[in-house]
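Below, each chain spelled out in residue letters.
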Amino acid sequence: QVQLVESGGGLVQAGESLRLSCQATGRSMSDYTMGWFRQAPGEEREFLAALTWSDGIKHIQQDVKGRFTVSGDITQSTLYLQMNSLKPADTAVYSCSADRDANMLVAGGGEYWGQGTQVTVSS
């Protein structure tokens, strides 16, 4: 069983940056893809970025490309999301997900989910 724990959310002003972390425990993540999603109130959950550990391939949603960067430390089984130039529209609950199937994760999420961390961007 995989447990995912996100951290790093908070309240920031527009234009500022945050780095979210997602640490996985329970098993080796070397054959998994881990990714970030967010869901704003009244909105559907949307994919942001993902990293496949085995080959280092990264996926990133076009709308956040250039502002958000995904990276990770496999030795710590930790995925990061660096978010720069934050906007009020980025306000949402940010969640981490993991799955062995990268395509499935990118399409809508994986088998495992964290509890989410709130990001609030004030104007």
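Remember, predicted model here, so these are calculated numbers, not experimental data.

### Thoughts on the sheet that holds strand 3 (residues 18-25)
What the four strands build is an open sheet, ordered 1-3-8-7; its pairing is antiparallel. Edge positions in the open sheet fall to strand 1 (3-7) and strand 7 (68-73), since each of these has one partner strand only. Pairs of neighbouring strands in the sheet enclose a mean axial angle of 20°, with direction left out of account. In this sheet, strand 8 (residues 78-83) lies alongside strand 7 in antiparallel orientation, the contact comprising six bridges. Bridging across to strand 8, Phe 68 finds its partner in Met 83.

### Considering the nonpolar core
Judged by nonpolar contacts, the single largest core of 29 residues is most densely connected at Leu 4, Met 34, Trp 36, Leu 81, Met 83 and Tyr 94. Of all the secondary-structure elements, those providing two or more residues to this core are strand 3, strand 4 (33-39), strand 5 (46-52), strand 7, strand 8, strand 9 (92-99) and strand 11 (117-122). Not counting residues up to four positions away in its chain, the partners in contact with Leu 81 are Leu 18, Arg 19, Leu 20, Trp 36, Leu 48, Ala 49, Phe 68, Thr 69 and Tyr 94.

### Observations concerning the environment of Thr 75
In this fold, Thr 75 is placed in the loop between strand 7 and strand 8. By relative accessible area, Thr 75 is classed as exposed at 65%. Engagement of the side chain of Thr 75 in a polar contact is seen with the side chain of Asp 73, the distance being 2.4 Å.

### Side note on the environment of Glu 44
Turning to its location among the elements, Glu 44 is positioned in the loop between strand 4 and strand 5. Residue class for Glu 44 comes out exposed when judged on its relative accessible area of 70%. Apart from the residues lying within four places of it in its own chain, the contact partners of Glu 44 are Arg 38 and Gln 39.

About the thresholds
- Residues numbered from 1 in each chain as written.
- Predicted model: local features only at pLDDT ≥ 70, side-chain atom pairs only at ≥ 80, totals over all residues.
- Heavy atoms only, no water.
- Pairing = 2+ DSSP bridges.
- Helix = DSSP H or I, 4+ residues; strand = E, 2+ residues; numbered from the N terminus.
- Axes fitted to C-alpha atoms, helices over the stretch in contact; angles between N-to-C directions.
- Core = buried A, V, L, I, M, F, W, Y, C linked by side-chain atoms within 4.5 Å.
- Buried < 20%, exposed > 50% of the residue type's maximum accessible area, 1.4 Å probe, protein only.
- Contact = heavy atoms within 4.5 Å.
- Polar contact = N/O pair within 3.5 Å; in protein donor to acceptor, adjacent residues only side chain to side chain.

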